[in-house]
Amino acid sequence: MKIFPVYYFPPVSWFAAAVNGGQILLEQHEYYRKQHCFNRTNILTPNGVLKLSIPIRKSPEYTPLYHRTISYDWTWRKIHWRSLISAYRSSPYFEYYEDRLAPFFTRQTESLMKLNLDLLTVVRDALKVDLEWTLSDGYHDRAHYTEDFRNGFDAKLQTTPSWFRPAPYPQVFGTKFVPDLSILDLLFNCGPESVRILRDSIVEPSLEQ
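Residues numbered from 1 in each chain as written. Predicted model: local features only at pLDDT ≥ 70, side-chain atom pairs only at ≥ 80, totals over all residues. Heavy atoms only, no water.

Engineer: I'd love a proper account of the packing of aromatic side chains, names of residues and values included.
Structural biologist: In this structure the tally under the stated criterion is 20 aromatic pairs. The interplanar angle of 15 degrees and the centroid separation of 6.5 Å between the aromatic rings of Phe4 and Phe153 together place this pair among those described as stacked. One end of the pair, Phe4, is in strand E1 (residues 2-5); the other, Phe153, is in the loop between strand E6 (147-148) and helix H5 (183-190), with 149 residues separating them in the sequence. The interplanar angle of 90 degrees and the centroid separation of 4.8 Å between the aromatic rings of Tyr96 and Tyr97 together place this pair among those described as edge-to-face. Grouping aromatic residues by their ring pairs yields a cluster made of Phe4, Tyr7, Trp14, Phe15, Tyr32, Phe38, Phe149, Phe153, Trp163 and Phe164. Sitting over the ring of Trp133, Arg124 keeps its end group 4.6 Å from the ring centre. (Phe/Tyr/Trp six-rings, centres within 6.5 Å; stacked < 30°, edge-to-face > 60°. Helix = DSSP H or I, 4+ residues; strand = E, 2+ residues; numbered from the N terminus. Lys NZ or Arg CZ within 6 Å of the ring centre and 35° of its normal.)

Next up, the structure:
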């Protein structure tokens, strides 16, 4: 079984690895780590790449992801939604998916894990891929799985996985293609063509060292 981290609007590479998975595991027992995509995603704006981040309430350092909660001390939902509108309103498919996503930026969800799972479901359904998942029953080392993608999308290192060769697609801003942004960038720009681009971006769907 393949296992994946549970991210906030994961990067394109996450879905490229998962799209042919059939059924995968999602890791809910790993520790939350700063500078990873558990609570952040990257979009493309007229001024370049913008990092959107969800504020997390303070917890002990080794708190599992499923116990992490979201802070609403500032209006991050409004900022994220306005940023998405500004970045993608003129993209070909933003209006097609807008109504599916907008409610998540007005409701208050306490659990980071629940929010991410709900958003993964919305994106999966929008992509129309045959992808099912179950949640991990505990934390196991990588030998327990056929493929371990939990450290495969490291935003802190700002690298892309070796098996991922991003197929270029039209983007709203800039003259140079920016790879491996949030899956929303691909979805808003390419709509039903997104799955083909995901599959064209895989070289070796494995994270073996």
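Engineer: Explain unusual backbone geometry to me, using residue names and the numbers behind them.
Structural biologist: Most of the time, phi is negative for any residue but glycine, and the peptide bond is trans. Even without a glycine there, the phi angle at Lys128 is positive, about 60 degrees. Mapped onto the elements, Lys128 comes out in the loop between helix H4 (112-127) and strand E5 (132-135). The exposure class assigned to Lys128 is exposed, which follows from its relative accessible area of 68%. Its identity as a non-glycine residue notwithstanding, Asp180 has a phi of 55 degrees, on the positive side. As for its placement among the helices and strands, Asp180 is situated in the loop between E6 and H5. (Buried < 20%, exposed > 50% of the residue type's maximum accessible area, 1.4 Å probe, protein only.)

Engineer: Quick rundown of the side chain of Glu98? Include the residues and the values.
Structural biologist: Looking at the element boundaries, Glu98 is found in helix H3 (residues 94-101). Residue Glu98 is classed as buried on the basis of its relative accessible area of 17%. Within the local environment of Glu98, its side chain forms a polar contact with the side chain of Arg89, the two groups lying 3.0 Å apart. Filtering out sequence-adjacent residues up to four positions away, Glu98 remains in contact with Trp81 and Arg89. (Polar contact = N/O pair within 3.5 Å; in protein donor to acceptor, adjacent residues only side chain to side chain. Contact = heavy atoms within 4.5 Å.)

Engineer: Requested: an account of the pattern of salt bridges, with residues and values cited.
Structural biologist: All chains considered together, the criterion is met by ten salt bridges. A salt bridge links Arg150 to Asp148, with the shortest nitrogen-to-oxygen separation between them at 2.7 Å. The pair Arg150 / Asp148 is uniform in exposure class, with both members buried. Linked by salt bridges that have partners in common, Glu27, Asp148 and Arg150 make up one network. (Salt bridge = Lys/Arg side-chain N within 4 Å of Asp/Glu carboxyl O.)

Engineer: Lay out the nonpolar core with the relevant residues and their values.
Structural biologist: Core analysis: the largest hydrophobic core is formed by 64 residues, its most contacted members being Phe4, Trp14, Leu26 and Leu198. Looking at this core, the elements that each hand over two or more residues are helix H1 (12-18), strand E2 (23-27), strand E3 (40-45), helix H2 (76-88), H3, H4, H5 and helix H6 (194-200). No other element matches H4, which puts ten residues into this core. For Leu26, the contacting residues outside a window of four places in its chain are Phe4, Pro5, Val6, Trp14, Leu117, Leu120, Trp133, Thr134, Leu135 and Ser136. (Core = buried A, V, L, I, M, F, W, Y, C linked by side-chain atoms within 4.5 Å.)

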